[in-house]
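Fold and geometry: a report
What follows is each chain in one-letter form.
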Amino acid sequence: MSGTRSDGELLRAIAADGDRRAFEELYRRYAPWLTARLRGRCADAGIVDDVVQETFLAVWRGTARYREDGNAGDAAGWLWRIGSRRLIDVLRGDGARGRLRQALTRLRHRNEASAEERVLAGVEHGDLAGALVRLSPELRAVLQATVIDGLTTREAAVLLGIPPGTVKTRAMRARKQLREALA
């Protein structure tokens, strides 16, 4: 076949035939992008590299199945969903304090506390911490994805496996509840 194959063609070739060239092309196309995105969520490059490798290993072994039925989204979103969930699993082992520490490591070269450090300290020790704990897990997950991780509504929807409209609704509800709790 001449030219560049589509993502769907590559994924079908990998799943059906174990096509190594298709896998290598998919890896070259998306591994750098996935690595950059995951590094925005985790300061530990070693963990990110492992997660990227695990993500593509799942694709190669067929433990992750791509469906081109309109509900699964594009290949990038599908790979992001696999990689981000694997990263979350790894980070859960370290707990919330570990994630907070990782976020702060990116900022440690500064002498004075940044706005992010002050906010994160407030999240851990201040009134905001109590208000966040009182939010439902669904609302906290949306805030984590959109505010702390900086994902777009569409990216958060892919990550959380919910429609974009639900992300927007939950974000509005979470902000309203936080405003009321902190007033």
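Here goes a summary of the coordinates provided. Just so it is clear, the structure is predicted and the values come from calculations on it, not from any experiment. (Residues numbered from 1 in each chain as written. Predicted model: local features only at pLDDT ≥ 70, side-chain atom pairs only at ≥ 80, totals over all residues. Heavy atoms only, no water.)

1. Here we look at the overall build of the chain
For clarity, the cut-off: We count a stretch as a helix when DSSP gives it H or I for four or more residues in a row; a strand needs E for two or more, and each element gets its number in order from the N terminus. Contacts: residue pairs with any heavy atoms within 4.5 Å of one another. All accessible-area figures derive from a Shrake-Rupley calculation using a 1.4 Å probe, and residue coverage is judged against the displayed protein chains alone.
Within the chain, the regular secondary structure consists of ten helices and zero strands. Along the chain direction, N to C, the helices and strands of the chain fall in the order α-α-α-α-α-α-α-α-α-α. Restricting to contacts in the chain with at least 6 residues of sequence separation, those with at least 24 account for 55%. As displayed, the chain has an accessible area near 11000 Å², and 50% of this comes from carbon and sulfur atoms.

2. Details of the nonpolar core
Under the convention used in this document: In this text, buried Ala, Val, Leu, Ile, Met, Phe, Trp, Tyr and Cys residues form a nonpolar core when linked through side-chain atoms within 4.5 Å. The buried label applies to any residue whose accessible area, calculated with a 1.4 Å probe on protein chains only, is under 20% of its type's maximum; exposed applies above 50%, and partly exposed to all values in between.
Membership of the largest hydrophobic core comes to 35 residues, with the highest contact counts inside it found for Leu26, Tyr30, Leu38, Val52, Phe56, Val59 and Leu87. Of all elements in the fold, only α1 (7-17), α2 (20-39), α3 (45-61), α4 (75-92), α8 (137-148), α9 (153-160) and α10 (164-182) reach the threshold of two or more residues within this core. Here the element with the most residues in this core is α4; it accounts for eight residues. Those residues in contact with Val52, other than ones at most four positions away along the chain, are Ala31, Leu34, Thr35 and Leu38. With seven residues, the next largest nonpolar core counts Leu135, Leu139, Leu143 and Leu178 among its residues.

3. Brief notes about the packing of α9 against α10
In plain terms, the rule: Note on method: axes are straight lines fitted to C-alpha atoms, helices fitted across the in-contact stretch only, with angles between N-to-C directions ranging 0 to 180 degrees. Oblique is the label for any angle not under 35 degrees, not over 145, and not in the 65 to 115 range, which are roughly parallel, roughly antiparallel and roughly perpendicular in turn. Classification used: nonpolar for Ala, Val, Leu, Ile, Met, Phe, Trp, Tyr, Cys and Pro, charged for Asp, Glu, Lys and Arg, polar for all others including Gly.
Packing of α9 against α10 leaves a shortest axis separation of 8 Å and a crossing angle of 105°. Between α9 and α10, the angle falls in the class roughly perpendicular. On the side of α9, the interface is formed by Thr153, Ala156 and Ala157, while α10 contributes Pro164, Val167 and Lys168. Looking at side-chain class alone, the contact of α9 with α10 contains four nonpolar, one polar and one charged residues.

4. Re the pattern of salt bridges
In plain terms, the rule: When a carboxyl oxygen of Asp or Glu lies within 4 Å of a side-chain nitrogen of Lys or Arg, that pair is called a salt bridge.
According to the stated counting rule, one finds five salt bridges in the structure shown. We note a salt bridge from Arg39 to Asp49, for which the minimum N-O separation is 2.9 Å. Of this pair, Arg39 sits in helix α2 while Asp49 sits in helix α3, and the two are ten residues apart along the sequence. Salt bridges sharing common partners tie together Asp7, Glu25 and Arg29.

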